[in-house]
Amino acid sequence: MSDNEGRKDLRMPDDSEVFAVVTNMLGANRVKVRCMDSVERTARIPGKMQKRIWIREDDVVLVEPWDWQDEKADITWRYEKQDADQLREEGHIKE
């Protein structure tokens, strides 16, 4: 048995994306997230994700900060609980 037996290859952030943890649900398809670049942002759940992917507090997501307004962002990906645990173990997410 190898050390990487339970490890999955996960989607990692692009140049413009950062890891974030959802801290508060604001309503109207908006959430408050704490990003790993130590910025608190208001993130928008895009229309293509609204009814397909359910986002709750403490979920780990990828966000893409806006170029013209750094305190806002768009959510681009949500990790499953097992994937989020793997990211925490590997040190990508600091609580």
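All figures in this text were calculated on a predicted structure; none of them were measured in a lab.

Q: Help me get a handle on the packing of aromatic side chains, residues and values and all.
A: Inspection of the entire model under this criterion finds 2 aromatic pairs. For the pair Phe-19 and Tyr-79, a centre-to-centre distance of 6.0 Å together with 45° between the ring planes defines the contact as tilted. Taken together, the positions of Phe-19 in strand β1 (residues 18-27) and Tyr-79 in the loop between β5 (72-78) and α2 (81-89) put the pair 60 residues apart, joining distant regions of the chain. Taking the relative accessible area as the measure of exposure, Phe-19 reaches 7% and is therefore buried. For Tyr-79, a relative accessible area of 2% puts it in the buried group.

Q: Give a detailed account of a negative patch on the surface, specifying residues and quantitative values.
A: There is a patch of like negative charges on the surface, built from Asp-14, Asp-15, Glu-64 and Asp-67. With respect to the helices, strands and loops of the structure, Glu-64 is situated in strand β4 (residues 60-65).

The rules behind these values
Residues numbered from 1 in each chain as written. Predicted model: local features only at pLDDT ≥ 70, side-chain atom pairs only at ≥ 80, totals over all residues. Heavy atoms only, no water. Phe/Tyr/Trp six-rings, centres within 6.5 Å; stacked < 30°, edge-to-face > 60°. Helix = DSSP H or I, 4+ residues; strand = E, 2+ residues; numbered from the N terminus. Buried < 20%, exposed > 50% of the residue type's maximum accessible area, 1.4 Å probe, protein only. Patch = residues over 30% accessible without salt bridge, like charges linked within 9 Å, V, L, I, M, F, W, Y side chains within 5 Å. Areas by Shrake-Rupley, 256 points an atom, 1.4 Å probe, with all protein chains shown as cover. Salt bridge = Lys/Arg side-chain N within 4 Å of Asp/Glu carboxyl O. Lys, Arg positive; Asp, Glu negative; His and termini not counted. Charge placed at Lys NZ, Arg CZ, Asp CG, Glu CD.

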